[in-house]
Amino acid sequence: MVAPEIKTADSKRDGEKSHETEASASPGRKKIDSVTLIYVPLHLGGSHRGVSMGPAAMRVAELPESIERLGFKIAEEVDIQVPYSVCWWDKQSPAKCVPEIGQVSQDVAEAVEAALTKGTIPITIGGDHSLAIGSIAGVSSYYRKLKQNWGLIWFDAHGDINTPESSESGNVHGMPLAVSLGNGDRRLTELQGFSPKVQPHRSVLIGIRDVDPPEREFIDQSGITPYTMRDIDHLGIGRVTDLALGACGSDVAGLHVSFDIDVIDPDIAPGVSTPSRGGLNYRESHLALTLLAESQLIRAIDIVELNPAFDMQNKTAKLAVELILASLGQRIL
Ligand SMILES: [Mn+2]
């Protein structure tokens with residue numbers, strides 16, 4: 001007989017619903033039912049131009065329709081303009097395309113902050129991970145004005161914590177976490193007129209496995225909390241996600257989830273610019289985001305590094321859409 005099982009699931013759901021009602025009654029934890037989609041076809045932070053097709057592939061994979069089917073309203077779709085020409089490597093900095101990325105970051109920051117101010121969840125769709133310089137600046141500026149704490153949860157195969165001096169490639173998509181922590185080219189760190197953007201003791205890195213030697217030291221010195229693939233192998237992604245939530249603190253008003261698709265194993269997510277073996281599997285990536293969604297704290301999401309030029313029949317884009325739905329609270333029952 002399946003009836004008792006169904007009853008158990010239903011009563012659990014009812015219990016959670018009443019919790020949601022309770023949360024809605026308290027200020028600042030109102031259930032948010034609309035999102036702003038911010039498309040950023042940015043490729044200037046990396047070496048593979050196909051990443052600029054990420055937003056188009058997400059639209060082809062029915063991102064907006066899927067979000068609406070989940071019961072959310074799309075408040076607005078914003079297309080950020082990105083110069084497509086190859087930028088010059090200016091001599092002021094060993095980092096590439098800084099003026100161009102700075103302009104895009106400024107536009108992204110304004111769009112993200114506006115989306116938050118309107119009470120929607122900004123979902124920033126890349127594009128390479130350097131766009132997080134802008135999205136994090138927007139989130140940071142929003143909470144700064146409210147004088148509230150917020151947490152950052154960064155999923156990635158890589159550390160993304162290089163500086164122009166430590167980076168071998170000069171690619172800014174390997175630097176956005178460092179920039180957000182206040183280390184890097186001043187034209188990027190000083191965006192919105194203040195630095196650093198993130199509170200290191202409320203910032204977590206999950207899934208790293210391909211870390212440059214200088215980055216190990218930066219991670220150690222930064223005060224952020226790292227969970228490597230070794231930790232996930234050992235503890236399981238559920239426990240790691242719970243620990244990540246704990247590390248952000250019980251006093252955060254919201255979370256920014258910056259999700260680099262290369263955190264997932266390239267066997268199931270081949271459409272990324274810098275694949276690295278030994279990543280999260282299909283269920284682990286879903287569970288991590290589902291648990292974060294259940295915290296009801298997610299206020300902003302980045303989904304980055306989708307590169308359709310390396311994908312197979314758009315399967316990585318379809319997976320990315322599923323993961324956004326998980327972040328928005330889609331559940332099995
Ligand atoms: Mn990244």
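Only a predicted model underlies this, so the values are computations on that prediction, with no experimental measurement involved. (Residues numbered from 1 in each chain as written. Predicted model: local features only at pLDDT ≥ 70, side-chain atom pairs only at ≥ 80, totals over all residues. Heavy atoms only, no water.)

Peer 1: Looking at this structure, how should I read the sheet that holds strand 1 (residues 34-40)?
Peer 2: Backbone hydrogen bonds hold the strands of a sheet together, and the pairing may be parallel or antiparallel. What the 8 strands build is an open sheet, ordered 2-1-3-8-7-4-5-6; its pairing is parallel. Sheet topology places strand 2 (73-79) and strand 6 (225-228) at the edges, where each strand pairs with a single neighbour. The average angle at which neighbouring strand axes cross in this sheet is 15 degrees, direction not considered. Relative to the sheet, helix 5 (residues 132-146) contacts strand 3 (121-126), strand 4 (149-155), strand 7 (252-260) and strand 8 (298-304), its axis offset from that of strand 4 by approximately 160 degrees. Sheet strands in contact with helix 11 (residues 282-294) are strand 4, strand 7 and strand 8, and its direction is about 165 degrees off that of strand 7. (Pairing = 2+ DSSP bridges. Helix = DSSP H or I, 4+ residues; strand = E, 2+ residues; numbered from the N terminus. Axes fitted to C-alpha atoms, helices over the stretch in contact; angles between N-to-C directions. Contact = heavy atoms within 4.5 Å.)

Peer 1: When you look at the coordination of the manganese ion in this model, what are you seeing that I'm missing?
Peer 2: Each donor-metal-donor angle would ideally measure 109.5 degrees in four-coordinate tetrahedral geometry, or 90 or 180 degrees in six-coordinate octahedral geometry. Only His 129 (ND1), Asp 156 (OD), Asp 160 (OD) and Asp 260 (OD) from the protein coordinate the manganese ion, and they sit 2.1 to 2.3 Å from it. Donor residues for the manganese ion, ordered by position in the chain, follow H-x26-D-x3-D-x99-D. In this pair, Asp 160 is assigned in the loop between strand 4 and helix 6 (176-180) and Asp 260 in strand 7, connecting sequence segments 100 residues apart. Each of the two residues, Asp 160 as well as Asp 260, counts as buried. (Donors = N, O, S within 2.8 Å, 3.2 Å for Na, K, Ca; no water. Buried < 20%, exposed > 50% of the residue type's maximum accessible area, 1.4 Å probe, protein only.)

Peer 1: Please clarify how the environment of Lys 73 should be interpreted in this entry.
Peer 2: Structurally, Lys 73 can be placed in strand 2. With 38 residues separating them in the primary sequence, Lys 73 and Val 35 have C-alpha atoms 6.4 Å apart. Not counting the four nearest positions on each side in its chain, Lys 73 is found in contact with Asp 33, Ser 34 and Val 35.

Peer 1: Sorry, what's going on with the pairing of strand 3 here?
Peer 2: In the case of a regular strand, side chains alternate between the two sheet surfaces. Taken across its 6 residues, strand 3 has 6 buried, putting it largely inside the fold. Pairing between strand 1 and strand 3: 6 bridges, direction parallel. Within the sheet, the bridge partner assigned to Thr 36 lies in strand 3 and is Pro 122. Direction of pairing for strand 3 relative to strand 8: parallel, over a ladder of 3 bridges. Its bridge partner lying in strand 8, Ile 123 is registered against Ile 301.

Peer 1: Quick question: what am I supposed to make of the confidence of the model for the protein here?
Peer 2: Any residue range with low pLDDT should be treated as having predicted coordinates unsuitable for detailed reading. Taken residue by residue, the protein gives an average pLDDT of 91. The fraction at 70 or more is 89%. The model gives residues 1-28 a pLDDT under 50, and that stretch makes 13 contacts with residues more than four places away or in other chains. (pLDDT = per-residue confidence, 0-100.)

Peer 1: What am I meant to see in the packing of helix 4 (residues 98-117) against helix 5 here?
Peer 2: In helix packing, the relevant descriptors are the interaxial angle and the interaxial distance, both defined with respect to the helix axes. Direction vectors running N to C along helix 4 and helix 5 enclose 45 degrees, while the axes themselves pass 7 Å from each other. Our classification of the angle between helix 4 and helix 5 gives oblique. Crossing of helix 4 over helix 5 shows right-handed handedness. Contacts between helix 4 and helix 5 pair Ser 105, Val 108, Ala 109, Val 112, Glu 113, Leu 116 and Thr 117 from the former with Ile 133, Gly 134, Ser 135, Ala 137, Gly 138, Val 139, Ser 141, Tyr 142 and Lys 145 from the latter. (Parallel < 35°, antiparallel > 145°, perpendicular 65-115°, else oblique. Left-handed = near helix turned anticlockwise from the far one by under 90°.)

Peer 1: What should I look at first to understand the pattern of salt bridges in this one?
Peer 2: Oppositely charged side chains may form a pair once their charged atoms are brought near each other. This structure, assessed with the given rule, holds 10 salt bridges. For Arg 186, the salt bridge is made with Glu 190, and the minimal N-O distance between the two is 3.9 Å. Through salt bridges with shared partners, a single network forms among Arg 59, Glu 77 and Asp 79. (Salt bridge = Lys/Arg side-chain N within 4 Å of Asp/Glu carboxyl O.)

Peer 1: Explain the side chain of Thr 120 to me, please; I cannot follow it from the model alone.
Peer 2: By secondary structure assignment, the location of Thr 120 is in the loop between helix 4 and strand 3. A distance of 2.7 Å separates the side chain of Thr 120 from the side chain of Thr 36, its partner in a polar contact. Discounting chain neighbours no more than four positions away, the residues touching Thr 120 are Ile 32, Ser 34, Val 35, Thr 36, Ala 75, Ala 115 and Arg 299. (Polar contact = N/O pair within 3.5 Å; in protein donor to acceptor, adjacent residues only side chain to side chain.)

Peer 1: Please explain the nonpolar core as it appears in this structure.
Peer 2: Met 58, Ile 67, Ile 123, Phe 155 and Ile 206 are the most contacted members of the largest nonpolar core, which has 53 residues in total. Broken down by element, this core gets its largest block of residues, 8 residues, from helix 12 (residues 315-327). In contact with Ile 206, not counting residues within four places along its chain, are Ile 153, Trp 154, Phe 155, Asp 156, Tyr 227, Ile 232, Ile 237, Val 240, Ala 244 and Val 263. (Core = buried A, V, L, I, M, F, W, Y, C linked by side-chain atoms within 4.5 Å.)

Peer 1: Explain the packing of aromatic side chains here, please?
Peer 2: Two measures describe an aromatic ring pair: the distance that separates the ring centres and the angle between the ring planes. Counted according to the given criterion, the structure contains 3 aromatic pairs. Ring centres of Tyr 142 and Tyr 143 lie 5.0 Å apart, and the angle between their planes is 75 degrees; this geometry places the pair in the edge-to-face category. Taking the centre distance of 5.0 Å and the plane angle of 40 degrees together, the rings of Phe 155 and Phe 259 count as tilted. Of this pair, Phe 155 sits in strand 4 while Phe 259 sits in strand 7, and the two are 104 residues apart along the sequence. (Phe/Tyr/Trp six-rings, centres within 6.5 Å; stacked < 30°, edge-to-face > 60°.)

Peer 1: Quick question: what am I supposed to make of helix 5 here?
Peer 2: Counting along an α-helix, one turn takes 3.6 residues, and residues three or four places apart therefore face a common direction. Between its first and last C-alpha, helix 5 extends 21 Å over 15 residues, near the 21 Å set by a 1.5 Å rise per residue. Where burial is concerned, most of helix 5 is hidden: 12 out of the 15 residues are buried. Among the residues making up helix 5, those that are buried are Ala 132, Ile 133, Gly 134, Ser 135, Ile 136, Ala 137, Gly 138, Val 139, Ser 140, Ser 141, Tyr 142 and Tyr 143. Phi for Lys 147, located one or two positions after helix 5, is positive at around 55 degrees. (Expected span 1.5 Å × (residues − 1).)

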